[in-house]
Structures are given as C-alpha cells and as structure tokens.
Amino acid sequence: TTTLNDFVDLVKTNYPADKYAFIFWSHSDGWRSSTKGISSSNDGTMTNNQMATTLNGKGIDIVAFDTCQQGSIETIWAFKNESDIRYLIGSPEYTPGDGWNYKTFLENFYNSYRRAADLGVAAVKSFGANYNNYFSQDSTLLVYDLNQFNNTTLQNFFTYINSNQASEKTIFDNVSYFSGADFKDFYEYANNSGYTSKSAVVSMIENMVVYGWKRSVGYSYNGVGIKHSTAAGYNLIDLNQDTSPS
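In this report, we go over the structure that sits alongside the text. (Residues numbered from 1 in each chain as written. Predicted model: local features only at pLDDT ≥ 70, side-chain atom pairs only at ≥ 80, totals over all residues. Heavy atoms only, no water.)

Let's talk about the nonpolar core
Step number 1: Residues L55, F79, Y144 and F186 are the most contacted members of the largest nonpolar core, which totals 45 residues.
Step number 2: Not counting chain neighbours up to four residues away, the residues in contact with L55 comprise L4, V8, F24, I60, V63, F79, D84 and I85.
Step number 3: Within the second largest apolar cluster, 18 residues are counted, among which are W100, F109, V124 and Y131. (Core = buried A, V, L, I, M, F, W, Y, C linked by side-chain atoms within 4.5 Å. Buried < 20%, exposed > 50% of the residue type's maximum accessible area, 1.4 Å probe, protein only. Contact = heavy atoms within 4.5 Å.)

Printed below as a string of structure tokens:
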C-alpha cells in the first residue's frame, strides 16, 4: 500500500490533470479478503479493502482492473464503502492473459467526449472488439457506476437470504458460474430469488452497469459476480462475510 500511495502522489505531482484513472494489471481473484498479486511482485497480496482505502481521497475518478474476477460484488462493496472512487471497470470472469488492447482502447477514448464514464465505455468497446472472435472461454468486461450502488438495498437482500437459507441455496446453486471461475452471476441470482423486493436489487444492478460486454450476449450485459466456492469454508451461501467491510 505504501508503494501504491507513493506512486499516485508521484504521478499527480508531475503530471497534473483534471481527471485521473488508475489501472491495475496482474493476477486477482476478486474476493474481499484475498485479491492476489495486484502488485505484480512476489511479496504477498493486496486486498480490495487495502486498494480502496489507499486510493481514497487521492482524487482518482476511475479504478480499472486488467485482471481476472474483479467485476464482483465483493470488489464493488469494498470500493463503495472504503473509497470515493466513482467508476470501476472489471470482469467477473477469468480474463485473457494478453490483457487489454491499449491502442484501440485509447483511440476509442480519444474519439469520445473524454468524460470519466467514456473511459469505461472505451475500455469495454475495445475489449469486446478484441476478444469477440478470440479466446476459448467466454469473456466479459463491464464498467460500474458506484454512485448507483445502494448498501441498504443489498444488505436487505442479504438479510432475507440468510433468513431463508434452505430455499435460497437451492436457487443459488442453480445459477450459472462464470466461465472458468468460482463466481456465480449475481444478476441472474437476483432475478431468480424468492425475495419479494428483488426488483430493487435487479434495478440497482442495471443502473450500476454503465456499459457491459459478454461474448455470448453482446453489449447489453448486466453481469456482476459473487463468490461461491466450497473451499471458502461456508456451509450455505457465502454472502455476508464475503462482503463485510470489516
């Protein structure tokens, strides 16, 4: 976190701008407590919360992840609650090792209105163009507006889930996994849940997704991942503990 903090300070001192975006490139697993290898070194891990708290107050408008599995509720929760970041770009799936095509990404952004949200749209468009006919697995990238994320809406949904674990786990277990990943599609789950106010959760996700692409769906995709792994040590749905800000 010291390196991250110092790097941001160095860039802002030497390269002043009206808006700032920070792009992480390395390996990651999207889960709150174990986001791995973001520093692209061999000296341990940096969690979602550590990244979020370090970037808080730094004047960063956008955080983007050219990494795996960061388009998750766990990542969004951390950055919403621990930072003032507005936009987050990430994929809930494993991503191709070749990463983003930065040439087409920056060309798309240059030819846009160059607002903060346009950076995310440019990233998604170039990613979709690059991987539409390449990469054996399904591939996905989305830009999320964290101002549309509502803690109360999500927490009320979790409260219902944990009060109705038997029936909800059956629904949750039948939700699609993301390709090659141990994350399930939270948007699909919200749509199929027995929660009577699920429309509020579904609407929140739809409003939060500024722009999304999934090869098997196209540019109308609203996905977001949520961790589901038997290795996590939970007997039922691993939601509340995964997304706890503590």
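From this point, the narrative continues.
With respect to the side chain of N222
Step number 1: Mapped onto the fold, N222 is located in the loop between β6 (209-214) and β7 (225-227).
Step number 2: With sequence-adjacent residues up to four places away left out, N222 is seen in contact with L142, Y187, I205, E206 and V209. (Helix = DSSP H or I, 4+ residues; strand = E, 2+ residues; numbered from the N terminus.)

Topic: unusual backbone geometry
Step number 1: Positive phi values are uncommon outside glycine, yet Q69 reaches one of about 65 degrees.
Step number 2: Mapped onto the fold, Q69 is located in the loop between β2 (62-66) and α3 (73-82).
Step number 3: Here Q69 falls in the buried class, since its relative accessible area comes to 2%.
Step number 4: For R114, which is not a glycine, the phi torsion comes out positive at approximately 60 degrees.
Step number 5: In this structure, R114 sits in the loop between α4 (102-110) and α5 (116-131).
Step number 6: The class for R114 is partly exposed, based on a relative accessible area of 46%.

Concerning the sheet that holds β6
Step number 1: In spatial order, the strands read β1-β2-β3-β4-β6; together these 5 strands make up an open sheet with mixed pairing. Across the chains shown, the open sheet's two edge strands, defined by having one partner strand only, are β1 (21-25) and β6. Strand-to-strand twist in this sheet, taken as the mean axis angle between neighbours without regard to direction, amounts to 10 degrees.
Step number 2: Sheet topology places strand β3 (residues 87-90) next to strand β4 (residues 140-145); 4 bridges connect them, and they run antiparallel. Following the sheet pairing, G90 is matched in β4 by L142.
Step number 3: Sitting on the sheet, α5 touches β1, β2, β3, β4 and β6, and the angle it makes with β6 is about 5 degrees. (Pairing = 2+ DSSP bridges. Axes fitted to C-alpha atoms, helices over the stretch in contact; angles between N-to-C directions.)

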